[in-house]
Amino acid sequence: MGMMGEGRRMGRGPMGHMDRVSVKRHRLYMHGGLPAEYSGKKNPYKPTPEILKRGEEIYAQQCQACHGEDGKGDGPAAKGLNPKPSDLSFIMKRHIATDEYLFWTISEGGKPIGSAMPSYKDILSEKDRWAVILYLRDRFGR
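Note that the structure is a prediction, hence the values are computed from the model and not measured.

Trainee: Help me understand the pattern of salt bridges, please; the structure alone is not making it clear to me.
Mentor: Pairs can form between side chains of opposite charge once their charged atoms are near each other. Taken as a whole and judged by the stated rule, the model has six salt bridges. Close ionic contact of Lys41 with Glu126 constitutes a salt bridge, the shortest N to O distance being 3.8 Å. Of the two residues, Lys41 is situated in the loop between α1 (23-30) and α2 (49-67) and Glu126 in helix α5 (residues 126-140); the sequence distance between them amounts to 85 residues. Classification of Lys41 as partly exposed rests on a relative accessible area of 24%. Given a relative accessible area of 42%, Glu126 falls into the partly exposed group.

Given below as structure tokens:
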């Protein structure tokens, strides 16, 4: 686990919760770094059983290997990754988990922050990316 200087994780202390959140991504978002194409994005879909099932299937196929079955960032493919995958079970309960933030994160992957997360904008349709977000909210959300 890196230290704050690496821009990924922070140790325990006053902001110890940041050890489960991408500090670089958080700073980029909070300081107006969100590209215009994602700014203000809202999920146009409702959490129907069908779309939640689709989101679950995509999570299992595309996300679970790194983020883990329980979203903790401890999947089998996470070993050796630096920075480590974010703890989705934590992030989804935080205010930062807005539609625009999550859609940007899934769409662009780790490119904006130098992590190994792939970009899904050319892999998953918009509807499928939104389905994953609905599933994450249902599974790990507030």
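Trainee: For this particular structure, what's the right way to read the packing of aromatic side chains?
Mentor: A ring pair, where both rings are aromatic, is described by two values, the distance of the centres and the angle of the planes. Going through the model one piece at a time under the given rule, you end up with five aromatic pairs. When the ring of Tyr38 is compared with that of Phe103, the centres are 6.0 Å apart and the planes differ by 55 degrees; the resulting orientation is tilted. Taken together, the positions of Tyr38 in the loop between α1 and α2 and Phe103 in helix α4 (residues 99-108) put the pair 65 residues apart, joining distant regions of the chain. With respect to class, Tyr38 is no different from Phe103; both count as buried. Taking 4.3 Å as the distance between ring centres and 15 degrees as the angle between the ring planes, the aromatic pair formed by Phe103 and Trp130 counts as stacked.

Cut-off values and rules
- Residues numbered from 1 in each chain as written.
- Predicted model: local features only at pLDDT ≥ 70, side-chain atom pairs only at ≥ 80, totals over all residues.
- Heavy atoms only, no water.
- Salt bridge = Lys/Arg side-chain N within 4 Å of Asp/Glu carboxyl O.
- Helix = DSSP H or I, 4+ residues; strand = E, 2+ residues; numbered from the N terminus.
- Buried < 20%, exposed > 50% of the residue type's maximum accessible area, 1.4 Å probe, protein only.
- Phe/Tyr/Trp six-rings, centres within 6.5 Å; stacked < 30°, edge-to-face > 60°.

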